[in-house]
Amino acid sequence: MRARLTQSLAAAAAELARRGWTPATSSNFSARIDATRFAVTVSGRDKGRLGCDDFMLMDTQACALEARKPSAEARLHAQLYRLLPRTGAILHTHSLTQTVASRHFAAAGSVRLAGYELIKALAGHDTHEQDLVLPVFANSQEMAAIERDVQTWLDAGHPLHAYLISGHGLYAWGRDIDEAMRYIEAIDFMLACELELRKLPA
C-alpha cells in the first residue's frame, strides 16, 4: 500500500511541478497509510522528480518513524490527520496565484469565495450558492503557531476545507489524492478569479 500511495503522490507532485506550483523544492505532499501513520515528502527534494524513496513515514503525533528528515511542515500534515480523520491525502503548493492571494487577503484573515460553479468541486457543496471561506493564517517558522491558529479556527466552529498561509501558499486535502488534487485545482482557479476581479474598475 505504501508503494502504491507514494507512486500516486509522486505523479501528482510531478503534475503540480509542471504547472510551476512547486518552485525551488518548495511544497510538500502526504498520504495516509492507516489510522496512525502517513507518508510525507522528505525535506529538500525536487518535487518534479520524486520517487518512492523521497517519502518517509511519520505518525499522526508528528514523530518520524524513519531516520530521515521530513519536511519542516510535516507537523501541519500530522495535525490535519489527527483533527480530520476522513483526510486521506494533503497537498501543499506555492503557485503564484496562491502566494499573491495569501498576501492580498492576509489583513482580512480570510477570503470568501462566492458564486462560483467550481465551489461544487468540494464535497458538501452542492450548489454555486454556497460560499467557501478560506482562512489566511500568519506565516511562522514555528509550526506550533500555525497549529494553534488552525485549532482556534476549528474551535470557533468554522468549517475547514483548505487554508492559506500568508506569503506562503495553500494547503488542501481530501479523502484521497485525486480528491485533494481536484480541490487544490478548483481553489487555485477561484483565487485567480478573485484577484482578476480586483483589477476591474469599480
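What you see is a predicted model, and the numbers here were worked out from it, not measured in a lab. (Residues numbered from 1 in each chain as written. Predicted model: local features only at pLDDT ≥ 70, side-chain atom pairs only at ≥ 80, totals over all residues. Heavy atoms only, no water.)

Description of the pairing of strand β7 (residues 162–165)
Next, step 1: Burial along β7 is two-sided: the residues Ala-162 and Leu-164 and Tyr-163 and Ile-165 are all buried.
Next, step 2: Where strand β6 (residues 132–137) meets β7, two bridges bridge the pair, whose relative direction is parallel. By the bridge assignment, Phe-137 is partnered in β7 with Ile-165.
Next, step 3: In this fold, the crossover linking β6 to β7 by way of helix α4 (residues 143–155) has right-handed handedness.
Next, step 4: Looking at chain direction, β7 and strand β8 (residues 169–174) are connected through four bridges and run antiparallel. (Buried < 20%, exposed > 50% of the residue type's maximum accessible area, 1.4 Å probe, protein only. Helix = DSSP H or I, 4+ residues; strand = E, 2+ residues; numbered from the N terminus. Pairing = 2+ DSSP bridges. Right-handed = clockwise from strand over helix to strand, strands pointing away.)

Examining the packing of helix α3 (residues 96–104) against helix α5 (residues 177–197)
Next, step 1: For the pair α3 and α5, interaxial distance at closest approach is 9 Å and the crossing angle is 55°. By the angle class used here, α3 and α5 are oblique. As α3 runs across α5, the sense of the crossing is left-handed. Counting all contacts with α3, which are made through Thr-97, Gln-98, Val-100, Ala-101 and His-104, the residues of α5 involved are Ile-184, Asp-188, Leu-191, Ala-192 and Leu-195.
Next, step 2: Residues belonging to the contact of α3 with α5 are distributed by class as follows: six nonpolar, three polar and one charged. (Axes fitted to C-alpha atoms, helices over the stretch in contact; angles between N-to-C directions. Parallel < 35°, antiparallel > 145°, perpendicular 65-115°, else oblique. Left-handed = near helix turned anticlockwise from the far one by under 90°. Contact = heavy atoms within 4.5 Å. Nonpolar A, V, L, I, M, F, W, Y, C, P; charged D, E, K, R; others polar.)

Some points on the pairing of strand β3 (residues 55–59)
Next, step 1: Burial of β3 is extensive: five of the five residues sit out of reach of the surface.
Next, step 2: Side-chain alternation along β3 places Phe-55, Leu-57 and Asp-59 on one buried face and Met-56 and Met-58 on a second face that is also buried.
Next, step 3: Bridging between strand β2 (residues 37–41) and β3 involves five bridges; their strand directions are antiparallel. Considered in β3, the bridge of Arg-37 is made with Asp-59.

Describing the pattern of salt bridges
One side chain can pair with another of opposite charge once the charged atoms of both are near each other.
Next, step 1: What the rule picks out here adds up to 16 salt bridges.
Next, step 2: Across the salt bridge formed by Arg-18 and Glu-15, the nearest N and O atoms sit 2.7 Å from each other. Placement of the pair is Arg-18 and Glu-15 together in helix α1 (residues 2–18), with a separation of three residues, close to one helical turn.
Next, step 3: Owing to a relative accessible area of 61%, Arg-18 belongs among the exposed residues under this scheme.
Next, step 4: The salt bridge involving Arg-75 is made with Glu-147; its shortest N-O contact spans 2.4 Å. (Salt bridge = Lys/Arg side-chain N within 4 Å of Asp/Glu carboxyl O.)

Looking at the nonpolar core
A general trend in soluble globular proteins is that nonpolar side chains are found buried together.
Next, step 1: Core analysis: the biggest nonpolar cluster contains 41 residues, and Leu-91, Leu-113, Leu-134, Ile-177, Ile-187 and Leu-191 have the highest contact counts within it.
Next, step 2: Considering every element that reaches this core, the biggest residue donor is α5, with 10 residues.
Next, step 3: In this structure Ile-187 touches Leu-122, Leu-132, Leu-134, Ala-162 and Leu-170, once residues within four positions along its chain are discounted.
Next, step 4: Counting residues in each nonpolar core, the second largest holds 22 residues, with Phe-38, Leu-76, Ala-78 and Trp-173 among its members. (Core = buried A, V, L, I, M, F, W, Y, C linked by side-chain atoms within 4.5 Å.)

Some remarks on the layout of surface pockets
Next, step 1: Its boundaries defined by the atoms lining it, the largest pocket holds a volume of some 270 Å³.
Next, step 2: What lines the largest pocket is Leu-84, Arg-86, Thr-87, Ala-123, Leu-160, His-161, Trp-173, Gly-174, Arg-175, Glu-179 and Tyr-183.
Next, step 3: Elements that contribute at least two residues to the lining of the largest pocket include exactly β8 and α5.
Next, step 4: Taken together, the residues that form the lining of the largest pocket break down as five nonpolar, three polar and three charged. (1 Å grid on protein atoms, 1.4 Å probe; cavity = no way out; pocket = protein on both sides within 12 Å on 5 of 7 lines; lining within 4 Å. Points joined across faces, edges and corners; volume = space filled by probe spheres on them.)

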